[in-house]
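Given next are the chains, with one letter for each unit.
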Amino acid sequence: MIRFLSTRPIHSNVFHFRAPKTTFRLLHDKANVPSIYKPRKERFITPTMILLGIIPVFTFALGTWQIQRLKWKVNLIDELEEKLQLVPLTLPRRINLSVIPEFVFRKVLIRGKWDHEHTMLLTPRVREGVHGAHVVTPLIRENGTTILVDRGFVSNDYVDDFSFTKEDGEVEVLGMLRTAQIRNSFTPDNLPEERKWYWTDVDGMAAYAGGDEANVQPVFVERIFQGHAGDADYCLSRGIPVGRAAAVDMRNAHLSYVITWFGLSALTSFMFVRVLINKSKMRGRRLPRFS
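Residues numbered from 1 in each chain as written. Predicted model: local features only at pLDDT ≥ 70, side-chain atom pairs only at ≥ 80, totals over all residues. Heavy atoms only, no water.

### Some remarks on a nonpolar patch on the surface
Basically, it comes down to this: Note that patches include only residues with greater than 30% relative accessible area and no salt bridge, and the join distances are 9 Å for like charges and 5 Å for nonpolar side chains (Val, Leu, Ile, Met, Phe, Trp, Tyr). Working definition of accessibility: Shrake-Rupley area with a 1.4 Å probe, residue cover restricted to the visible protein chains. Any carboxyl oxygen of Asp or Glu within 4 Å of a side-chain nitrogen of Lys or Arg constitutes a salt bridge here. A run of DSSP states H or I qualifies as a helix once it reaches four residues; a run of E qualifies as a strand once it reaches two. Both are numbered from the N-terminal end.
A cluster of nonpolar side chains, Ile45, Ile50, Ile54 and Phe58, forms an exposed patch at the surface whose accessible area comes to about 430 Å². Note that Ile54 resides in helix α2 (residues 47-84).

Okay, here's the thing in C-alpha cells:
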C-alpha cells in the first residue's frame, strides 16, 4: 500500500557563511586596479645621451682648432726670431707709425741724450724673483725728435727715490721695436702725476713726455742687455737698469690646450660608448605604467 507523504514542507538544513572582512577588502582593491595594462618601454634617447654625444664632437673640434693655433704661433715665433738675426735698423727722423707692427722685435740702433725729467716707471715688475720696475726715459735723438726707451729693470731699492743710475751725455742704444700692451680688466689706471704706469700706453707716455709740441713720437723701444748673468747681478746691485734679452718672449701654451681638448674628447667618447652598450642590453626592459 502506497504511503502518502505528508504535504508539510520539509525544511532542509541551510548553512549560512559569512565572508571575512579581508575578503571584501581584497575585492575592493581589485576593483580599483585598472582593467587595461599598458607597458612602457624605457626611452633610448635621454638628455644624458644627447649631452654625452655632443661633448666628444665639440671637444674634438676645439682640439683641431688649437692645432691650427699652434702652427700659427710656431710660425710667428720663427718669423720673429728671424727678425732678431737681421742687421739693426736706423730709424728715420719721422717714423711711419702705421708700419711699426710689421717691425715688432726688429733690432734698432739709436743715438741721443736722455730726458731724465720725464722718466716714467712701469710697475710692478719682477725679474728672477726680484720685485721692482722698468725705467722708461725719453731719448732725444740727434735729429731733434724724441722716442720712448725702456732702459730696463731696477729693484725696489732704487725705485722710490729714483736713485737709479742716470746716464749723462750722448748714448748709443741697441734695442727692439715694440708696441703698446693690451690692457685687461684687472689692470689699474696709470698715474702720470706720480710717474707710475701699470701698462704700456705708448700714446699716453708720449703725451706725458711733451707730445707733438716737443717732437715726441709714440714709438717704444726696449733696450737690449748684451751682458751675461754676472753682469746683470752687478748692475742690479748698483741701481743700473738691466735691459731685456735679445729673445722672443711670446707665450705659447697651445700644445697643452691640444692635449687637454683631445683628452676630454677621448674620455667622453669612451663614456658615450659605455652608455650605448648598457642601453642596448636593457632595451627589452619594460617599465609598468597604469592609466
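### Quick word on α2
Applied cut-off: Residue count minus one, scaled by 1.5 Å, sets the expected span of a helix. A simple rule labels every residue: compare its accessible area, found with a 1.4 Å probe on the protein chains alone, to the largest value its type can have, and call it buried under 20%, exposed over 50%, or partly exposed in between. The contact definition used throughout considers only heavy atoms, calling two residues in contact when any of these lie within 4.5 Å.
The end-to-end C-alpha distance of α2, which contains 38 residues, comes to 55 Å, matching closely the 56 Å that a straight helix rising 1.5 Å per residue would cover. Where α2 is concerned, the buried positions are Met49, Leu52, Pro56, Thr59, Leu62, Gly63, Gln66, Lys73, Ile77, Leu80, Lys83 and Leu84. The inward-facing, buried residues of α2 contact β2 (107-114), β6 (170-178) and α5 (254-281).

### Observations regarding the packing of α2 against α5
The cut-off we apply is this: Axis geometry follows a simple rule: fit a line to the C-alpha atoms, using only the stretch in contact for helices, then measure angles between N-to-C directions, giving values from 0 to 180 degrees. Just so you know how the angles are binned, under 35 degrees is roughly parallel, over 145 roughly antiparallel, 65 to 115 roughly perpendicular, and the rest oblique. Left-handed is the label given to a crossing in which the near helix is rotated counterclockwise from the far helix by less than a right angle, and right-handed is the label when the rotation is clockwise. For this classification, Asp, Glu, Lys and Arg are treated as charged, while Ala, Val, Leu, Ile, Met, Phe, Trp, Tyr, Cys and Pro are nonpolar and the rest, including Gly, are polar.
Axis separation between α2 and α5 bottoms out at 8 Å; the angle between their running directions is 160 degrees. Compared by their axis directions, α2 and α5 come out roughly antiparallel. When the axes of α2 and α5 are compared, the crossing they make is left-handed. In terms of residue class, the contact of α2 with α5 is built from 18 nonpolar, nine polar and three charged.

### Section: the environment of Thr59
Worth spelling out the cut-off: Under this definition, polar contacts are N or O atom pairs within 3.5 Å; protein pairs additionally need one hydrogen-donor-capable and one acceptor-capable atom, and for neighbouring residues in sequence, both atoms have to be side-chain atoms.
Along the chain, the position of Thr59 falls in helix α2. Residue class for Thr59 comes out buried when judged on its relative accessible area of 4%. C-alpha separation for the pair Thr59 and Leu264, spaced 205 residues apart in sequence, amounts to 6.5 Å. Residues within four places of Thr59 in sequence aside, it is in contact with Trp261, Leu264, Ser265 and Thr268. Separated by 2.8 Å, the side chain of Thr59 and the backbone oxygen of Ile55 make a polar contact.

### So, α5
Its 28 residues place the ends of α5 41 Å apart at the C-alpha level, agreeing with the 40 Å of an ideal helix rising 1.5 Å per residue. Burial in α5 covers these residues: His254, Val258, Ser265, Thr268 and Lys279. In this structure, the buried side of α5 is in contact with α2.

### Brief notes about a negative patch on the surface
How we decide: We count Lys and Arg on the positive side and Asp and Glu on the negative side, and we leave His and both chain ends out. Charge placement uses NZ in Lys and CZ in Arg. For Asp and Glu, CG and CD serve respectively.
Together, Asp78, Glu79, Glu81 and Glu82 give the surface a local cluster of negative charge. Tracing the chain through its elements places Glu79 in helix α2.

### Thoughts on the confidence of the model for the protein chain
Under the convention used in this document: A residue's pLDDT is simply how confident the predictor is in it, with values from 0 to 100.
Across the protein chain, pLDDT averages 83, with 81% of residues at or above 70. Scored below 50 in pLDDT, residues 1-7 makes zero contacts in the model with residues more than four places away or belonging to other chains. Per-residue pLDDT stays below 50 along residues 9-15; that stretch engages in zero contacts with residues further than four places along the chain or on separate chains.

### Describing the nonpolar core
Note the cut-off: What makes a nonpolar core is a set of buried Ala, Val, Leu, Ile, Met, Phe, Trp, Tyr and Cys residues whose side-chain atoms join them at distances within 4.5 Å.
Leu91, Ile110, Leu139, Ile147, Val149 and Val173 are the most contacted members of the largest nonpolar core, which totals 14 residues. Those elements that provide at least two residues to this core are β2, β5 (146-155), β6 and β8 (216-223). Excluding anything up to four places from it in sequence, Leu139 contacts Ile110, Arg111, Gly112, Lys113, Trp114, Thr145, Thr146, Ile147, Val149, Val171 and Val173.

### Points about unusual backbone geometry
Each neighbour pair has its own omega, and for Thr123 with Pro124 the value is -10 degrees, a cis peptide bond. With respect to the helices, strands and loops of the structure, Pro124 is situated in strand β3 (residues 120-127). Unusually for a residue other than glycine, Phe105 sits at a positive phi of about 75 degrees.

### Considering the pattern of salt bridges
Pairing between side chains becomes possible if they bear opposite charge and their charged atoms approach one another. Under the definition given, this model contains six salt bridges. For the salt bridge of Arg151 with Glu167, the shortest nitrogen-to-oxygen distance reads 3.8 Å. Here the residue Arg151 occupies a position in strand β5, and Glu167 occupies one in the loop between β5 and β6, the gap between them amounting to 16 residues. Overall, the relative accessible area of 1% leaves Arg151 in the buried class. Residue Glu222 is joined to Arg178 by a salt bridge in which the shortest nitrogen-to-oxygen separation is 3.3 Å. Of this pair, Glu222 sits in strand β8 while Arg178 sits in strand β6, and the two are 44 residues apart along the sequence. Its relative accessible area of 15% is what places Glu222 among the buried residues. In this structure, a network of salt bridges that share partners links the residues Arg151, Glu167 and Arg223.

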